[in-house]
Amino acid sequence: VPVICNEFGVIQSASVPRDSMLRYLKDIRQILESHGIGWNQWFRVNLRDREIIQALGLKPLINP
């Protein structure tokens with residue numbers, strides 16, 4: 001049965017340490033991909049934030 005994780009993410013706020021957010025995004029993405037599960041982000045990704053792009057396993061589209 002095909003499965004997709006339509007939404008996962010972290011609300012970026014002062015109460016969430018950045019390193020924890022980046023680890024969470026990377027860990028969830030890797031777990032989903034290791035099981036062949038497609039995924040989608042529910043928050044707007046800053047394409048200039050290389051750490052978030054890297055955690056999501058994406059390639060930068062622009063050079064800041």
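In what follows, the accompanying structure is described. (Residues numbered from 1 in each chain as written. Predicted model: local features only at pLDDT ≥ 70, side-chain atom pairs only at ≥ 80, totals over all residues. Heavy atoms only, no water.)

1. Here's the deal with the nonpolar core
Okay, so step 1: Of all hydrophobic cores here, the largest spans 10 residues; its members are Phe 8, Val 10, Met 21, Leu 22, Leu 25, Leu 32, Phe 43, Ile 52, Ala 55 and Leu 56.
Okay, so step 2: For this core, the secondary structure elements donating two or more residues are helix 1 (18-34) and helix 2 (50-55).
Okay, so step 3: Considering every element that reaches this core, the biggest residue donor is helix 1, with four residues. (Core = buried A, V, L, I, M, F, W, Y, C linked by side-chain atoms within 4.5 Å. Buried < 20%, exposed > 50% of the residue type's maximum accessible area, 1.4 Å probe, protein only. Helix = DSSP H or I, 4+ residues; strand = E, 2+ residues; numbered from the N terminus.)

2. Considerations on the packing of aromatic side chains
Two numbers describe a pair of aromatic rings. These are the distance of the centres and the angle of the planes.
Okay, so step 1: The final tally for this structure, using the stated rule, is one aromatic pair.
Okay, so step 2: For the ring pair Phe 8 and Trp 39, a centre distance of 5.7 Å and an interplane angle of 70° mean the geometry is edge-to-face. With Phe 8 in strand 1 (residues 4-8) and Trp 39 in strand 2 (residues 38-41), this residue pair connects regions lying 31 residues apart in the sequence.
Okay, so step 3: Residue classification places Phe 8 among the buried positions, given a relative accessible area of 5%.
Okay, so step 4: Among the residues examined, Trp 39 registers a relative accessible area of 22% and is labelled partly exposed. (Phe/Tyr/Trp six-rings, centres within 6.5 Å; stacked < 30°, edge-to-face > 60°.)

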